[in-house]
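# Breakdown of the fold
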Amino acid sequence: MAFTVMAGKYEDNEINCKYSIEHETLDSAIEDYDRVSSYPWAYIKYKGRIIELWSKGHSPFN
């Protein structure tokens, strides 16, 4: 599995991971990320790197 979706909350000023699941494709990881994006923090990890996603409809280029 190449893509890991992680999400969670902050407890006592520390990151607390509440959700972690692996996906074979970026498309399925993005779908899963959309489901957990309401957590205070969420990201997709790929080969040790963090992929940050902007919400649909938001773009820094507009």
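Use the structure listed above.
The present account deals with the structure reproduced in this document. (Residues numbered from 1 in each chain as written. Predicted model: local features only at pLDDT ≥ 70, side-chain atom pairs only at ≥ 80, totals over all residues. Heavy atoms only, no water.)

## Regarding the environment of V5
When you line up the elements, V5 lands in strand 1 (residues 3-11). Given the relative accessible area of 0%, V5 is considered buried. Between the C-alpha atom of V5 and that of Y43, which follows or precedes it by 38 residues, the distance is 5.9 Å. Those residues in contact with V5 that lie beyond four places of it in its chain are Y19, S20, I21, H23, A29, D32, Y33, V36, Y43 and I44. (Helix = DSSP H or I, 4+ residues; strand = E, 2+ residues; numbered from the N terminus. Buried < 20%, exposed > 50% of the residue type's maximum accessible area, 1.4 Å probe, protein only. Contact = heavy atoms within 4.5 Å.)

## Brief notes about the packing of aromatic side chains
Under the definition given, this model contains two aromatic pairs. Ring plane angle 20° and centroid distance 4.6 Å describe the contact between F3 and Y46, whose orientation is recorded as stacked. With F3 in strand 1 and Y46 in strand 3 (residues 41-46), the pair connects residues that are 43 residues apart, well separated along the chain. Classification of Y46 as partly exposed rests on a relative accessible area of 30%. Measuring from centroid to centroid gives 5.6 Å for W41 and Y43, while their planes differ by 25°, and the two rings are stacked. The class of Y43 is partly exposed, set by a relative accessible area of 22%. (Phe/Tyr/Trp six-rings, centres within 6.5 Å; stacked < 30°, edge-to-face > 60°.)

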